[in-house]
Amino acid sequence: MYTIEATYIIAITFLVFSTLISGTVNLHNKVTGQAKSYLETEIASHTKDGEKEFRPEEFMRGVTIFEKDMDTAGQGKI
């Protein structure tokens, strides 16, 4: 009797593990696919006739302007 119950527990445990591993692999594929597309866009933007789509300098300029307006005195930051 205990063998059948142990088999059920082991089967459920394997099912949970396989579900977690499957979800992790799917998430990894999404992340690497997105990173690959960003990298391809960046490489294509630096070719001779490629138009630069990714402009990190504009992003950094916007962030520095935003940080100048922030009041960090009340937040305990240096």
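Treat the numbers as computed from the prediction; the structure is a model and nothing was measured.

(A) Spotlight on the overall build of the protein. Within the protein, the regular secondary structure consists of two helices and zero strands. The proportion of buried residues among the 78 residues of the protein is 1%. For the protein, the exposed surface amounts to about 7500 Å²; the carbon and sulfur share of it is 66%.

(B) Up close: a nonpolar patch on the surface. Taken together, the side chains of Ile10, Ile12, Phe14, Val16, Phe17, Leu20, Ile21 and Val25 make up a nonpolar region of the molecular surface, amounting to roughly 810 Å² of accessible area. Of note, Leu20 is situated in helix α1 (residues 2-45). Judged by its relative accessible area of 55%, Leu20 is exposed.

What counts and how
Residues numbered from 1 in each chain as written. Predicted model: local features only at pLDDT ≥ 70, side-chain atom pairs only at ≥ 80, totals over all residues. Heavy atoms only, no water. Helix = DSSP H or I, 4+ residues; strand = E, 2+ residues; numbered from the N terminus. Buried < 20%, exposed > 50% of the residue type's maximum accessible area, 1.4 Å probe, protein only. Areas by Shrake-Rupley, 256 points an atom, 1.4 Å probe, with all protein chains shown as cover. Patch = residues over 30% accessible without salt bridge, like charges linked within 9 Å, V, L, I, M, F, W, Y side chains within 5 Å. Salt bridge = Lys/Arg side-chain N within 4 Å of Asp/Glu carboxyl O.

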